[in-house]
Amino acid sequence: MKITDVKLQVLRHEVPKGTIAADFGGYGGGTEMAVLRLLTDEGLEGNTFVGSFNVGGRLLFEPIIAYLKPAIMGMDIADREWLWSRVFTRLGQMAHRYKMPTVPWSMVDGALWDLAGKAAGMPIYQMLGAQRRKVLAYASSPYHKDIARYVEEGIEYQRRGFKAYKIHPGEGDPKRLKDIARRVRDAVGDDMALMIDSSQLLTFQDALSVGRVLDELHYYWFEDAIRYTDMDGLIELSRRLDTPIAATDHGDFRFYEAVEYVERKAIRILRSDSPKMGITGLKKLCILCEA
């Protein structure tokens, strides 16, 4: 089955007031996204979303049409590894040659997996091996200037049935982070898993100080405690703290960058997602971590 056309169906998405994303998340308003459409000579169509409701996808539209579309026209829908090698490896270097971010590739990769699943008549999770059939979701906060908003939000998410809540303090003030961590834990009790993402805003010493408080409060992970490029600092934090160090959703932290972190035991939780690494890249990363 060959790809015959690549189209983007652009749409504007409104986040209405009265939803938790708008009222607590601060994401009210409109963003432009798109549905990626990979058309084939056998009538099947592969789809994925381009962009997200809070960021949009306009910056991804041109790379998909200008660089990736010519590369995959006439390609067999099963040639996902061929495309991976053209983007990521030294033999391909498409991302380097065109200064193209890898996120547009991940959108195309997701649509190729969608096509493969439709052709096989099974969902993607089964094609990947069906290790599990459900996973827990956690709620994630935006930045709130008022600390009380984190408390209100944590309680509200808990009421809605979420079993975990991740906090984005949004500032590099260790006293503020400790206060938020304590107040939210007091509000939701011990049954809700809590995580903090300090967005790489802390120094090593401040991260160590905050981490010791998170140890006392039994936080589930401490994400992006310091700059993700400070591997020695991350190794030392992982050695000194009980709370697992997690990294990172930074756009430049991809498959090959993650390998060294695993090899050097810099972190205990490796974060990534299919919009950044594609399903192909994420599968490779999961296999690496499992090994």
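Conventions adopted
- Residues numbered from 1 in each chain as written.
- Predicted model: local features only at pLDDT ≥ 70, side-chain atom pairs only at ≥ 80, totals over all residues.
- Heavy atoms only, no water.
- Helix = DSSP H or I, 4+ residues; strand = E, 2+ residues; numbered from the N terminus.
- Rg over C-alpha atoms; globule rule 2.2 N^0.38 Å.
- Buried < 20%, exposed > 50% of the residue type's maximum accessible area, 1.4 Å probe, protein only.
- Contact = heavy atoms within 4.5 Å.
- Areas by Shrake-Rupley, 256 points an atom, 1.4 Å probe, with all protein chains shown as cover.
- Pairing = 2+ DSSP bridges.
- 1 Å grid on protein atoms, 1.4 Å probe; cavity = no way out; pocket = protein on both sides within 12 Å on 5 of 7 lines; lining within 4 Å.
- Points joined across faces, edges and corners; volume = space filled by probe spheres on them.
- Nonpolar A, V, L, I, M, F, W, Y, C, P; charged D, E, K, R; others polar.
- Polar contact = N/O pair within 3.5 Å; in protein donor to acceptor, adjacent residues only side chain to side chain.
- Salt bridge = Lys/Arg side-chain N within 4 Å of Asp/Glu carboxyl O.
- Expected span 1.5 Å × (residues − 1).

Caption draft 1: Region of the structure containing the overall build of the protein chain. The helix and strand tally for the protein chain stands at twelve helices and nine strands. Scaling as 2.2 N^0.38, a compact globule of 291 residues should have a C-alpha radius of gyration of about 19 Å, and the protein chain matches this with 21 Å. On the principal axes, the C-alpha backbone points of the protein chain span a range of 60 × 45 × 35 Å. Burial analysis of the protein chain (291 residues in total) assigns 44% to the buried set. Put simply, 67% of the contacts in the protein chain that link residues at least 6 apart link residues at least 24 apart. Accessible surface for the protein chain amounts to roughly 15,000 Å². Of this, 51% is attributable to carbon and sulfur atoms.

Caption draft 2: Local environment of the sheet that holds strand 4 (residues 139–140). The strand order across the open sheet built from six strands is 4-5-6-7-8-9, with neighbouring strands paired in parallel fashion. Of all the strands in the sheet, just strand 4 and strand 9 (269–270) have a single pairing partner and so form its edges. Bridge count for strand 6 (residues 193–197) against strand 7 (residues 221–223) is three bridges, and the pairing is parallel. Among the inter-strand pairings, Ile196 is bridged to a residue of strand 7, identified as Phe222.

Caption draft 3: Representation of the layout of surface pockets within the structure. In this structure, the largest pocket encloses a volume near 1,600 Å³. Lining of the largest pocket is provided by 32 residues; of these, Arg132, Val135, Ser272, Leu282 and Cys286 occupy positions nearest its centre. If you list the elements that add at least two residues to the lining of the largest pocket, you get strand 6, strand 9 and helix 12 (274–290). Among the residues forming the lining of the largest pocket, the class breakdown is 20 nonpolar, four polar and eight charged.

Caption draft 4: Fine view of the environment of Asp5. Mapped onto the elements, Asp5 comes out in strand 1 (residues 3–15). Taking the C-alpha atoms as reference points, Asp5 and Glu45, 40 residues apart in sequence, are found 9.8 Å from one another. Not counting residues up to four positions away in its chain, the partners in contact with Asp5 are Arg37, Leu38, Leu39, Lys69 and Met73. Side chain to side chain, Asp5 and Lys69 meet in a polar contact 3.2 Å long.

Caption draft 5: Representation of the pattern of salt bridges within the structure. All told, the structure shown has 15 salt bridges when counted by the stated rule. Across the pair Arg37 and Glu45 runs a salt bridge, and its minimum N-O distance is 2.7 Å. Arg37 gets classed as partly exposed once you look at its relative accessible area, which sits at 23%. With relative accessibility at 21%, the residue Glu45 sits in the partly exposed group.

Caption draft 6: Region of the structure containing unusual backbone geometry. Residue Thr248 follows Ala247 across a cis peptide bond; omega there is -20°. Mapped onto the elements, Thr248 comes out in the loop between strand 8 (245–247) and helix 11 (255–263). At His218, a residue that is not glycine, the phi angle is positive and equals roughly 60°. For His218, the position within the fold is in the loop between helix 9 (204–217) and strand 7.

Caption draft 7: Quick peek at helix 9. Taking 1.5 Å per residue as the helical rise, helix 9 with its 14 residues ought to reach 20 Å, and the 20 Å between its terminal C-alpha atoms agrees with that figure. Check the buried side of helix 9 and you find it contacts helix 8 (174–188), strand 6, strand 7 and helix 10 (231–240). Among the residues trailing helix 9, His218 stands out with phi positive, at a value near 60°.

Caption draft 8: Up close: the environment of Val108. By the element assignment, Val108 lies in helix 5 (residues 102–120). Assessed through its relative accessible area of 0%, Val108 is described here as buried. A sequence separation of 51 residues divides Val108 from Arg159, and the C-alpha atoms of the two residues are 37 Å apart. When residues no more than four places from it in sequence are discounted, the contact partners of Val108 are Leu36, Leu38, Ile64, Leu68, Ile72 and Leu83.

Honestly, that's just the spatial picture; any functional story needs more than this.
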